[in-house]
Amino acid sequence: MPSSVAGRRIGRPLQYVALVAYIIFLGFPLLFLLSTAFKTPQELQSPNPTFLPNSLNFDNFLAAIEKANLVQAAGNSLIVAVTTTIIVTIISLPAAYALARFRTKMRGIATGWILLSQVFPFILIIIPLFLVLKQIGLVNNLLGLILVYTVWSLPFALWMLQGYVAGIPVELEEAGAMDGGSRLLILRTIVLPLLAPGLVATSLFTFISSWNEFFFALVLIQDPELQTLPLTLARFVGAEGQVQLGQLAAAALLATIPSLVFFALIQRRLTSGLMSGAVKG
């Protein structure tokens, strides 16, 4: 008994130390980015740089917004990411339910294709993809980019959601059917609330992957007015590899804000959806 108490006394501080170290490990890149964004060119080129800036300098933010047309690029990225997230969620929800609940021969084929589709590298499909989109007039078009992101994100989102659906006990649906509920009513009142955490996780994955994607946008978008944020951030790297570090840090910091806001908003839905689903089930 005393040994177990002593073990808990020693183990609890070690857990806190490990947690603090993990938080520092995750937060250091963001802190470094924040510090660099507020530094002057003289501080960045100093032979003895300091971690913290001497003063809060907003010139890098103003230059990044004016020179790189950051606001328009953010708007393009937001349109593409939000639209892709909505389409992927609408398509993957009924498809995931069908994969998890209906045991047919096509289920194994569909599951195998989902896993196989994640193996293909970008470079393998980009040339035929470009030629197909060019034939239908969707190159240098945000709609074409949304279509590509939807197709690319859908298999993983479908795989995630069908795992959440499979984790919901079938007995809950059977109980609802015995009470006279239709399948649509059962899905809306029982399955959907319990599936809310899965929908949130899938939406978050789809949004962030679409927001940060670079390679497809680089190949399919040529018009500067249609470029997304990752393409705009690449402008801060010169032709000879010279990086405008302060402006790049400021622009990258601004580019992370929508993802953080989206996560902050959707995190509440994740918790409330889990609790409401448990109560209704």
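Residues numbered from 1 in each chain as written. Predicted model: local features only at pLDDT ≥ 70, side-chain atom pairs only at ≥ 80, totals over all residues. Heavy atoms only, no water.

A. Focus on unusual backbone geometry. Phi is positive for Asn140, close to 60°, though the residue is something other than glycine. By the element assignment, Asn140 lies in the loop between α6 (122-135) and α7 (142-166). Residue Asn140 is classed as partly exposed on the basis of its relative accessible area of 28%. (Helix = DSSP H or I, 4+ residues; strand = E, 2+ residues; numbered from the N terminus. Buried < 20%, exposed > 50% of the residue type's maximum accessible area, 1.4 Å probe, protein only.)

B. Summary view of α6. The end-to-end C-alpha separation of α6 is 20 Å, in line with the 20 Å expected for 14 residues at 1.5 Å each. At Pro128, α6 shows its maximal bend, which comes to roughly 25°. One or two residues past the end of α6 sits Gly137, with phi positive at roughly 75°. (Expected span 1.5 Å × (residues − 1). Bend = angle between axes of the 7 residues up to and from the residue.)

C. Region of the structure containing the side chain of Thr84. Among the structural elements, Thr84 can be located in helix α4 (residues 70-101). Of the residues examined, Thr84 reaches a relative accessible area of 0% and is grouped as buried. Setting aside residues up to four positions removed in sequence, Thr84 forms contacts with Ile146, Tyr149, Thr150, Thr206 and Ser210. (Contact = heavy atoms within 4.5 Å.)

D. Seen up close, the packing of α4 against α7. Relative to each other, α4 and α7 sit at 35°, their axes nearing to 6 Å. At the point where α4 passes α7, the crossing takes the right-handed sense. Taken together, the residues that form the contact of α4 with α7 break down as 21 nonpolar, seven polar and one charged. (Axes fitted to C-alpha atoms, helices over the stretch in contact; angles between N-to-C directions. Left-handed = near helix turned anticlockwise from the far one by under 90°. Nonpolar A, V, L, I, M, F, W, Y, C, P; charged D, E, K, R; others polar.)

E. Representation of the nonpolar core. In terms of nonpolar packing, the biggest core is built from 15 residues, with Val80, Leu133, Leu145, Val148, Tyr149 and Phe216 touching the most fellow members. Apart from residues no more than four positions distant in its own chain, Tyr149 is found in contact with Val80, Thr84, Ser210, Glu213, Phe216 and Ala217. (Core = buried A, V, L, I, M, F, W, Y, C linked by side-chain atoms within 4.5 Å.)

F. Quick look at the packing of α4 against helix α9 (residues 183-212). It is at 9 Å that the axes of α4 and α9 come closest, and there the two elements cross at 145°. When you trace α4 past α9, the crossing you get is right-handed. Residue-level inspection shows Ala74, Ser77, Leu78, Ala81, Val82, Thr84, Thr85, Val88, Thr89, Leu93 and Tyr97 of α4 in contact with α9, the latter providing Arg183, Leu187, Val191, Leu192, Leu195, Leu199, Ser203, Thr206, Phe207, Ser210 and Trp211.

G. View of the packing of aromatic side chains. Applying the stated rule across the entire model yields eight aromatic pairs. Ring centres 6.2 Å apart and planes at 45° place the aromatic pair Phe58 and Phe61 in the tilted group. One aromatic cluster is present, formed by Phe38, Phe58 and Phe61 through successive ring pairs. (Phe/Tyr/Trp six-rings, centres within 6.5 Å; stacked < 30°, edge-to-face > 60°.)

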